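Chains, contacts and geometry: an overview
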Amino acid sequence: MKVEIDHLTLNVESPDICVTFYTEVIGLTAENYDAWKEGKAKFPSVRINTHNMIHFFPPNMWEELGDLICTPGKANHVCLAFADKEWKALLKRLGEHKITIRGPFILGGSRGTGTSIFVTDPEGFTIELKTYDND
């Protein structure tokens, strides 16, 4: 059986600020952002890779989905893994944006042990950023 994470959905107060942070600082690609700004999409997203995305649900979506999402809230954290070349570019962007970094820590992940740092996005959501020594 093949199972993989498809997407992570975060309930956020400010989707604009989140899309900007995840694109400009973390280096992901926005999706549906222009359509959302034009009222043609219910929420914006960022793409992690060809198979994974993060969706940003604005407050009106929390009410619209009601019991489907139980109660509004945030997940604990998401971990994004970067290859060495992208890792170095990420660290440069974090410095340029003066983002506070916690770590580095040597922690386990889905591919074994790697180097992790933690940052906080504009909504207070924790992001683990990881690189594996063999990438």
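Heads up: the structure comes first, above all this text.
Rules used throughout
- Residues numbered from 1 in each chain as written.
- Predicted model: local features only at pLDDT ≥ 70, side-chain atom pairs only at ≥ 80, totals over all residues.
- Heavy atoms only, no water.
- Helix = DSSP H or I, 4+ residues; strand = E, 2+ residues; numbered from the N terminus.
- Polar contact = N/O pair within 3.5 Å; in protein donor to acceptor, adjacent residues only side chain to side chain.
- Contact = heavy atoms within 4.5 Å.
- Pairing = 2+ DSSP bridges.
- Axes fitted to C-alpha atoms, helices over the stretch in contact; angles between N-to-C directions.

1. Observations concerning the side chain of Lys 130
Within the fold, Lys 130 resides in strand E8 (residues 126–131). Polar side-chain contacts of Lys 130 include one of 2.8 Å to the side chain of Ser 116. Leaving out residues up to four positions away in the same chain, Lys 130 has contacts with Cys 79, Leu 80, Ala 81, Phe 82, Trp 87, Leu 107, Gly 108, Gly 109, Gly 114, Thr 115 and Ser 116.

2. Remarks on the sheet that holds strand E7 (residues 112–120)
Whether parallel or antiparallel, the strands of a sheet pair through hydrogen bonds between backbone atoms. Read across the sheet, four strands follow the order E5-E8-E7-E6 without closing on themselves; strand pairing throughout is mixed. Strands with a single pairing partner mark the edges of an open sheet, and in this sheet they are strand E5 (77–82) and strand E6 (102–109). The average angle at which neighbouring strand axes cross in this sheet is 35°, direction not considered. Across six bridges, E7 lies against E8 in antiparallel orientation. Bridge pairing in E8 links Thr 115 to Thr 131. Seen against the sheet, helix H4 (residues 84–96) touches E5, E7 and E8 and runs at an angle of roughly 140° to E8.

3. Examining the environment of Thr 23
Positionally, Thr 23 belongs in helix H1 (residues 15–25). For Thr 23 and Val 46, which are 23 residues apart along the polypeptide, the C-alpha to C-alpha distance reads 7.4 Å. At a separation of 3.2 Å, a polar atom in the side chain of Thr 23 contacts the main-chain carbonyl oxygen of Thr 20.

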